[in-house]
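Below are the chains, spelled out letter by letter.
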Amino acid sequence: MKKLSFLFFLMAMSVSLYAQKYRSKIDFDNGWKFSLDGSEKAIQPTFNDQSWRNIHLPHDWSIEGEYSLSNGSDWQSGYLPGGIGWYRKTFSYNPDWKNKQVAIQFDGVYMNSEVWINGQYLGRRPNGSLSFSYPIAKLLRNGSNTLVVKVDHSKVLSARWYTGSGINRHVWVAVTPKVHIAQDSVYVSCRQISAKSATVDFSVPVRNLNMITGSAVLKSQILNKQGVVVATASQSLPKSSAIAKQVFTVTEPQLWSPEHPYLYKVKSTLTSNGKVIDEVTLPMGIRKTEFSGSYGFKLNDVITKLKGVCIHEDAGAFGTAVPDEILLGRLKQLKDMGVNAIRTSHNPFSPQFYDMCDSLGLMVLNEAFDGWDKPKAKDDYGNYFDEWWERDLSAFIYRDRNHPSVIMWSIGNEVPKPTVEIQTKLINLVHKLDPSRPVTQGGVDPTRGMTDKQQRTLLDVKGFNGDGEEKDTFEKFHAQFPEVPMVGTEVPHTNQTRGVYRTTTNWRRRDFPAPWEIASGSAGTMKGLENRVFPIPDLAPQEVFPEEKATVYFKNDSVLPIPNNEPWSEKLFYQSSYDNATVRTNARKGWQRTMELPYVMGQFRWTAFDYLGESNQWPSRSANFGVIDLCGFPKDHFYLYQSLWTSKPMVHLLPHWTHPGKEGIAVPMVVYTNCDSVQLSLNGKSLGTQPYRGEQLVWNVPYTPGTIKVVAYKNGKIAASEQISTAGAAAKLSVSTNKKSLKSNGRDLLVCEINVTDKAGNKVPLAGNMLNFKVNGAATLKGTDNGDPLDLSSYQGTKRRAFRGKCLLILESTDKPGNVDLEISGEGLETYKLRLSSK
């Protein structure tokens, strides 16, 4: 049995805690100018940019564009425009920066960025997902200074999903003493963790010590949440640039876990001749992980299944410029679903993401690349890989290796024609920079040029993508390599469109064996879909919802026919929410197998959220893989996973109970719960009670208008309930918001969830009313959405159709206080009005 045991003491580098007495990290997001019509003339400080747009960062210009086949992007990159964007920021020199190290830091720019300060070239970075910085102290001037960034995303086929374009993450100015602690190179490891103590090795590089006279001392203290010092180490340093090696003993350590994400703080103080030169205070966590070919994964000596999801970075109307409060809300939503792990598909995420995962208790499978040296999309990072991989991978590991949330590294995903030479280089570099974590890779298989034997030798953990959903895949690999830990890096792939239901199973993959499997000869004797995947029975002898066909799409005021519509595509664009629309297996079977096989440490389902791009061809913008839609509205799968992954009593009933014209037809009513038993009733009459045995519960109920109710019992007592009533005609709007007032800081967000209801307040599940938005006062319209994969309307437009009874509206505050007046109207609906203050 191969067991990988890692005893970790980890530091989470949080930007929010960086502003301190001896150094500062300054928010540089405000006061930028932007243009898509710029030129090289904009590099010069004297350039007149008054006609350019005023913006704040993060910013994604692609999401501001119109969906079109003429943009040069495709079904993968998402049909939105790219281009070349120019950003300029003029700022004043701060006298406090004199005799200091000053750097401009970018959390990420997509992609091919070039940067100038006062007309002087700083450098370029092709990778659009990594953080980078440039020293600028020697180039700054007293008075006015100008920073210019060129972002070249003119080659828009740069990924297999929507990436956005622009400076879509935060920008900072970092100021440190010339003699300083090199925060980006700090590294922490541990030789021993137990309930009694943790022994910690702390490596702290100090730069430019040769610039001081006299002795230098680095003193470090670990503080608990109450601010009490629990461990101290001190070391005298030689008079040169040095790495301080310190050892701590923490008694009775509080261990970090998803249930208990405990973070200490470590404060390191650099002194010379008794005078403080520099000081850094950072959060950190202590935890222990083990990976085994026998029992899977242990966290702090407890066998733990990874209840994981894959996510891309975009968030509907925000594109990839996702505000921190929105990102935090999304991660909290995943915690509510029961998620304990996230795979960053297929690139490094923003620094704030890892800070949030540290504090929330979300483990991370941290992925560096999609492919390697051979592009998977025409213009992707594969074109730059040979030149940049070592620098970029090193920066990635250095940046994230001290986060307790990060438990594994991934060096690629479904890499085309991978070579042992490249894989060896990647793995060796990761192990050199961070020997404390295992390395995996998503879905590499023998048909892409590498044998399982080679993978077994090189990878610490074997990752399975779609093939992990097929019969006997895990079992066969385990039988051949019983010592190798394994994980479902992309398992399962299922589809749902919120509010859509079909009782007939819909298989997304129709070409088993897949073409590349046939061409390579790896398909063997397994012929046909039925031999490779687990069956998913239809829920009814005949389709109960034959009307659920996609024949039109929407763009602003227009309703347009889907071009070249094939019969199969009518069911592809909109997918059933019964857990019966899938690539290879459904969500229930995927998790059942993960639980049944102890050597499978868990799964990362594809995906948590619907994402833009990798769609079902024009005119769709998304492929419905998420358990949460583009607006952030949960689909039925959200509650399925909640029933499987959480212990707080819950119950969920689907579908809705408004089916005009289906009177007397048996509608399969499905219940998800984690309680002991469930009773279903219709119009006050019991339809029976069923015990819960880990599967969905189904009643076939002849449709009669009224109220259908489900009650869940635990230990003989009512623990949860839900009821749905038949809705009448759409008449009103019900609006819930994420806050009652706004901050007048130019970036605070009011998120409005809009539901179309009948006169009695019942939600109308099939409502598609066009809604009109008017915003006046101290806020502007930031964006709208409805989750419909076939709605290509402008995200910044003042109107949007409801989809399946719901719509999303986002307002952004201005920088001036005052009242905000919102009015939402629609044909046949009472006008909704809201006034709130922005202070």
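Residues numbered from 1 in each chain as written. Predicted model: local features only at pLDDT ≥ 70, side-chain atom pairs only at ≥ 80, totals over all residues. Heavy atoms only, no water.

Here we come to the overall build of the protein chain. When its secondary structure is counted, the protein chain shows 10 helices and 48 strands. Expected size for 839 residues packed as a compact globule is a radius of gyration near 28 Å; at 28 Å, the protein chain falls within 12% of this value. Projecting the C-alpha coordinates of the protein chain onto the three principal axes gives extents of approximately 90 × 65 × 55 Å. Across the 839 residues of the protein chain, 62% fall into the buried class. Sequence-distant contacts in the protein chain: of pairs separated by 6 or more residues, those separated by 24 or more amount to 72%. (Helix = DSSP H or I, 4+ residues; strand = E, 2+ residues; numbered from the N terminus. Rg over C-alpha atoms; globule rule 2.2 N^0.38 Å. Buried < 20%, exposed > 50% of the residue type's maximum accessible area, 1.4 Å probe, protein only. Contact = heavy atoms within 4.5 Å.)

Applying the stated criterion across every chain, the model contains 34 aromatic pairs. Plain terms: the ring middles of F91 and W97 are 6.4 Å apart, the flat faces sit at 55° to each other, and that makes the pair tilted. Summarising the burial analysis for this pair, F91 and W97 share the class buried. Relative to Y578, the ring of Y501 lies with its centre 5.4 Å away and its plane at 65°, an arrangement referred to as edge-to-face. (Phe/Tyr/Trp six-rings, centres within 6.5 Å; stacked < 30°, edge-to-face > 60°.)

Contact pair helix α9 (residues 587-596) / helix α10 (residues 636-645): the axes reach a minimum separation of 11 Å and the direction vectors enclose 20°. The orientation of α9 with respect to α10, classified from their angle, is roughly parallel. α10 is crossed by α9, and the crossing has right-handed handedness. Between α9 and α10, the residues in contact are A587, R588 and W591 and H637, L640, Y641, L644 and W645, respectively. Of the residues that constitute the contact of α9 with α10, the class distribution is six nonpolar, one polar and one charged. (Axes fitted to C-alpha atoms, helices over the stretch in contact; angles between N-to-C directions. Parallel < 35°, antiparallel > 145°, perpendicular 65-115°, else oblique. Left-handed = near helix turned anticlockwise from the far one by under 90°. Nonpolar A, V, L, I, M, F, W, Y, C, P; charged D, E, K, R; others polar.)

In sheet architecture, strand pairing relies on hydrogen bonds along the backbone and comes in two forms, parallel and antiparallel. Judged by pairing direction, the sheet is antiparallel, and its four strands sit side by side in the order β45-β43-β47-β48 without closing on themselves. Looking at which strands have only one partner, the edges of the open sheet turn out to be β45 (799-801) and β48 (829-838). Averaged over all pairs of adjacent strands, the angle between their axes in this sheet comes to 20°, without regard to strand direction. (Pairing = 2+ DSSP bridges.)

Let us look at the nonpolar core. Of all hydrophobic cores here, the largest spans 133 residues; its most connected members are L306, L331, I342, F353 and L393. Residues contacting L331, with those up to four places away along its chain left out, are I342, F353, M356, C357, L360 and L362. By size, the runner-up hydrophobic cluster in this structure holds 32 residues, among which are L209, A231, Y264 and I277. (Core = buried A, V, L, I, M, F, W, Y, C linked by side-chain atoms within 4.5 Å.)

Mean pLDDT over the protein chain works out to 93, with 93% of the residues at or above the 70 mark. Under a pLDDT of 50 for its full length, residues 11-19 has, in the predicted model, 40 contacts with residues more than four places off or in other chains. With pLDDT under 50 throughout, residues 515-526 is counted as low confidence; its partners more than four residues away or in other chains account for 15 contacts. (pLDDT = per-residue confidence, 0-100.)

We now examine the pattern of salt bridges. Using the criterion set out here, one finds 35 salt bridges in the structure. For E614, the salt bridge is made with R160, and the minimal N-O distance between the two is 3.5 Å. One end of the pair, E614, is in the loop between β33 (600-606) and α10; the other, R160, is in the loop between β10 (144-153) and β11 (171-177), and 454 residues separate them in sequence. For the pair E614 and R160, a shared accessibility class is recorded, and that class is buried. Among the salt bridges present, the one from E548 reaches R804, with a minimum N-O distance of 2.8 Å. Residue E548 is located in the loop between α8 (529-532) and β30 (552-555), and its partner R804 is located in the loop between β45 and β46 (806-813); the two are separated by 256 residues in the primary sequence. With respect to burial, E548 and R804 carry one shared label: buried. Several salt bridges converge on common partners, so that one network encompasses R160, D370, K376 and E614. (Salt bridge = Lys/Arg side-chain N within 4 Å of Asp/Glu carboxyl O.)

Here the focus is empty space enclosed by the protein. A complete count under the given rule lists four cavities of 30 Å³ or more for this structure. The volume enclosed by the largest cavity comes to roughly 620 Å³. Around the largest cavity sit 44 residues that line it, and S129, R169, E313, N347 and P348 are the ones nearest its centre. Those elements that place two or more of their residues in the lining of the largest cavity are α1 (324-337) and α2 (351-360). Counting residues per element, the lining of the largest cavity draws most heavily on α1, which supplies four residues. Here the lining of the largest cavity is composed, by residue class, of 20 nonpolar, 15 polar and nine charged. Contributing to the lining of the second largest cavity are 15 residues, with S77, H153, V156, Y162 and T163 lying nearest its centre. Its residues assigned to classes, the lining of the second largest cavity shows six nonpolar, nine polar and no charged. (1 Å grid on protein atoms, 1.4 Å probe; cavity = no way out; pocket = protein on both sides within 12 Å on 5 of 7 lines; lining within 4 Å. Points joined across faces, edges and corners; volume = space filled by probe spheres on them.)

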